[in-house]
Amino acid sequence: MSRQPDSTKRNFPMRYSISAAFLAALAVAVTPDQSRAQPAADVIEVTGTIIPSSNAAGSQPGASLSQQEIELTAASTVTDLLRIVPGLHITQQGGEGGLTFISIRGGDPNFTVILIDGVKVNDPTNSRGGAFDLSALDPAIIERIDIFYGSYSPVLGSDALSGLISFTTKRAGDNLKTNVTAEGGSDDAWAASGHISGRLGEAAEAALSASIRDGGDAVAGDSLRRKQLNARLRSPQGAPIDWSFSFLFADGSATAFPEDSGGDRLAVIRQPDEREFEQMNIGGTAGWQASSVWNVKLASSWARHEENTDSPGIAPGVFQPVPATLSDSIFERFDLSLTNTARVTSRLDVGFGGSYAHEKGRTDSIIDFGFPIPAPFALERDIWSAFGEVSWTITANLGLTAGVRHDDAGAIDATTTRFAADYQMPETGTAFFFQFGEGFKLPSFFALGQPFVGNPMLRSERSTNYDFTVEQAFLEEKLRLTGSIFRNKFRNLVDFDPGLFLLVNRSRVIARGGEFQADVTLTPQITVNGEISYTDTDTDEAGVNLRRRPKWRGGGRVAYSPTKTLRASFIGLLVGRFKDSSIPTGNVRMPGYERFDISAEWSPLAHITIRAALTNIFNAGFEETVGFSSPGRQARLILTARY
């Protein structure tokens, strides 16, 4: 099927200029007491609580990647950055143009909320139930990644059934800084990026980043071309209002064989999917101190995702075929929230507030059943929420946090709770952390409205999560060991009933397991980090194949800095066997695989850095999903000039 010109393309500039004007007004709409200055934004953009205190139990991420780690890894994709994070399993469908999937502790990919500078970017119009494709995000503009495990609906509302991943783009700074990066690599891959930050007089601190990438042709039928522009503003140090503003625009095109087609190795139809995407985010916050004990924060965001897909379909095999489809989708989400936090006593903080979200999406599809059949749908919904939280520091070593939230989406409402506690033994420094959380996920627009399989009677999917973590340092902090156990229960899962030819709520999945991490400083020049994860997933639904969830996986990094100007990193990943399926093969059990990468960074001059990276250094041939070949050995050279 060939794509026809879209004569209904919307007038984008007016839409986002209105939103930008409204969001910018948040920073100046309030005139607080000028004698009370707020500090600049904290290093962590998003915490696990609504109370902005690093002392609150459960406020810190379960895992993080700093800017130094991101730069040293020299990854070309966000997928590669996250591969060795404990508790995460990342699947790349072939090369850079293929879809990416994240499973946090056994959850489905659409059970993870993705935030970019605090803006939620999950898209419920797609057939993946709202899962975000990480290929749309460039590592070149990212400064920090924070991963939170568990059910975070009491903090974020719908979708956070198994966790959230927060991406923080490069921040504004006080001093003028610029850098330009150029990259070349195997299989005709290339990239370029630039960043400038500094102070705009006395008004603001600003940053502007841009990047462009061509992923080359490492895998047959696979390609990715992407451009991004990112801008950030924030209040200067000591300003009476602590405000921030962010803008992201990304667009690109990709080709890859359709999911479940058997990929470049098994697909009968040799024409790949063609996909074009566009993401635009605008976000703003304004915080002020209303009194000596009371703080107020107003936040708003607007996100828009457009995706156009031309799929040739999938030929019949063990499973039924998939017809060719043309699909154009647009989704918009507007958020507005007001949060109050108060210091009741030196040991007791409370937070409360409300939020409103409006979601609107439409998909225009034409499905080829031998003759074209239109399959459009358009939905929108309003979500009103109220939330509260208490953080109590009982002693210097024991803290508790409890929260509750009610979300009302009209036909569906949900009340979720969360409890977190941490304790540190004063004699040994052993730290204990416990968390309980509930989550819910509204049915996606695709699941509700798709004309052939959609079901407007679907209920929300629900989750319950428990996890317990112990952390202990030895040898004067040179060795740190961390162990975690968890149990996640997901119910009312949306599944396809072939008898009814309808999406229904029926499945229940229980995921249980544990993670172990070791961080070792062998010498001031050599550090070693290792992790191993075990996740056992089970369902009460006969015949359900829980795909791409290996029981065992492990990884590690060795970082070596022999001089101040030379650093190197060696990363290894080992993944155990897992289940998968495709239309040509039916259900299969995939072998495990190993991958090893190495990178080095050298600064021969104060303003020049040269990075070299070699991925899959042993040229291992493996498939992360059945039939889709992973790229072989790839080399890249990256040159950065800083001023």
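The preceding data block contains the structure.
(A) Highlighting empty space enclosed by the protein. Under the criterion given, the structure shown has nine cavities of 30 Å³ or more. Approximately 300 Å³ is the volume attributed to the largest cavity. As for the largest cavity, its lining consists of 29 residues, of which S76, D80, E96, P631 and Q634 are closest to the centre. Counting residues per element, the lining of the largest cavity draws most heavily on strand β34 (residues 634-642), which supplies three residues. Residue classes in the lining of the largest cavity are distributed as seven nonpolar, 14 polar and eight charged. The computed volume of the second largest cavity comes to approximately 180 Å³.

(B) Inspection of the pairing of strand β30 (residues 593-605) at higher detail. Where strand β27 (residues 566-575) meets β30, ten bridges bridge the pair, whose relative direction is antiparallel. The partner of S569 across the bridge, within β30, is S599. Relative to strand β31 (residues 608-615), β30 is paired through six bridges, and the arrangement is antiparallel. Bridge pairing in β31 places S599 opposite A613. Linking two consecutive strands that pair antiparallel, namely β30 and β31, is a turn of two residues.

(C) Examining a nonpolar patch on the surface more closely. On the surface, F369, F371, F452, F496 and F501 cluster together into a nonpolar patch covering about 490 Å² of accessible area. One can find F369 in the loop between β16 (348-368) and β17 (372-374).

(D) Structural view of the pattern of salt bridges. Counted by the stated rule, this structure contains 46 salt bridges. Residues D117 and R232 are paired through a salt bridge, measuring 3.5 Å at the closest nitrogen-oxygen approach. With a gap of 115 residues between them, D117 in the loop between β4 (112-116) and β5 (119-120) and R232 in strand β11 (residues 223-234) connect regions that are remote in the sequence. Through salt bridges that share partners, E71, R567, E601, R611 and R642 make up one connected network.

(E) Unusual backbone geometry, seen in detail. Phi at D159 takes a positive value of approximately 95 degrees, unusual for a residue other than glycine. Summarising the element assignment, D159 is placed in the loop between α4 (153-156) and β7 (163-169). On the basis of relative accessibility, which here comes to 11%, the residue D159 falls in the buried class.

(F) Structural detail: the environment of W384. Position of W384 relative to the elements: it lies in strand β18 (residues 377-395). Taking C-alpha positions, W384 is 20 Å from T341, a pair spaced 43 residues apart along the chain. Apart from the residues lying within four places of it in its own chain, the contact partners of W384 are S355, Y356, H406, D407 and D408.

Basis of the calculations
Residues numbered from 1 in each chain as written. Predicted model: local features only at pLDDT ≥ 70, side-chain atom pairs only at ≥ 80, totals over all residues. Heavy atoms only, no water. 1 Å grid on protein atoms, 1.4 Å probe; cavity = no way out; pocket = protein on both sides within 12 Å on 5 of 7 lines; lining within 4 Å. Points joined across faces, edges and corners; volume = space filled by probe spheres on them. Helix = DSSP H or I, 4+ residues; strand = E, 2+ residues; numbered from the N terminus. Nonpolar A, V, L, I, M, F, W, Y, C, P; charged D, E, K, R; others polar. Pairing = 2+ DSSP bridges. Patch = residues over 30% accessible without salt bridge, like charges linked within 9 Å, V, L, I, M, F, W, Y side chains within 5 Å. Areas by Shrake-Rupley, 256 points an atom, 1.4 Å probe, with all protein chains shown as cover. Salt bridge = Lys/Arg side-chain N within 4 Å of Asp/Glu carboxyl O. Buried < 20%, exposed > 50% of the residue type's maximum accessible area, 1.4 Å probe, protein only. Contact = heavy atoms within 4.5 Å.

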